[in-house]
Amino acid sequence: MAIPPKADPKLFNPATRGITINTDASFCPETKAGGWAVYIVCDDFKIQKSGKFRGTIKSSLEAEMKAIGNAIVILLLKKELPRFHFVYVNTDCRNAIRDIEGSTIPLGKRIN
């Protein structure tokens, strides 16, 4: 593949095949507050972000799903995103995995 002039070779790196997203969230049932953390990694970059959710959270599942949603948004907003063939999402919430795999509605509608 020819690289266009003045282009960053990393953007055309055929070895960049996958991106791994690691997520975690916390939820306090008494205060309805929650927090999230994501670690996104591939051959070309690493991103670590965390924060407190705005507003109230209804459940630990909602917190985990929002953490995954935040990671996807962070990844898609990255400038100069390299080409990739797949994204691995690691989470410790089995129900979030079940909901994503069995979802018949767009993921964004579940997260927002």
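I will try to describe carefully the structure that is included in this document. Keep in mind it's a predicted model, so treat the numbers as computed, not measured.

Definitions and cut-offs
- Residues numbered from 1 in each chain as written.
- Predicted model: local features only at pLDDT ≥ 70, side-chain atom pairs only at ≥ 80, totals over all residues.
- Heavy atoms only, no water.
- Pairing = 2+ DSSP bridges.
- Helix = DSSP H or I, 4+ residues; strand = E, 2+ residues; numbered from the N terminus.
- Phe/Tyr/Trp six-rings, centres within 6.5 Å; stacked < 30°, edge-to-face > 60°.
- Buried < 20%, exposed > 50% of the residue type's maximum accessible area, 1.4 Å probe, protein only.
- Lys NZ or Arg CZ within 6 Å of the ring centre and 35° of its normal.
- Axes fitted to C-alpha atoms, helices over the stretch in contact; angles between N-to-C directions.
- Contact = heavy atoms within 4.5 Å.
- Expected span 1.5 Å × (residues − 1).

### Observations regarding the pairing of strand β2 (residues 33-41)
- Sheet topology note: the strand β1 (residues 18-28)/β2 ladder contains 9 bridges and is antiparallel. In the sheet register, F27 faces β2, and the bridge partner there is G34.
- By the bridge criterion, 7 bridges tie β2 to strand β3 (residues 46-52) in an arrangement that is antiparallel. Along β3, the bridge assignment pairs W36 with G51.
- Hairpin geometry of β2 and β3 is characterised by an intervening segment of 4 residues between the two adjacent antiparallel strands.

### Some remarks on the packing of aromatic side chains
- Enumeration over the complete set of coordinates arrives at 1 aromatic pair.
- Ring plane angle 65° and centroid distance 5.0 Å describe the contact between F86 and Y88, whose orientation is recorded as edge-to-face.
- A relative accessible area of 48% means that Y88 is categorised as partly exposed.
- One Lys or Arg, K78, reaches over the ring of F45 and ends 4.7 Å from the middle of that ring.

### Notes on the sheet that holds β3
- With mixed pairing, the 4 strands of this open sheet are ordered in space as β3-β2-β1-β4. Only two strands of the sheet have a single neighbouring strand rather than two, namely β3 and β4 (86-90). Averaged over neighbouring strand pairs, the angle between their axes works out to 15° when direction is ignored.
- Those strands touched by helix α1 (residues 60-77) are β1, β2, β3 and β4, and its axis lies near 145° from that of β1.

### Quick notes on α1
- Its 18 residues give α1 an end-to-end C-alpha distance of 26 Å, which sits within 8% of 26 Å, the value for a rise of 1.5 Å per residue.
- Three or more residues of α1 are buried, namely A63, E64, M65, K66, A67, I68, G69, A71, I74 and L75.

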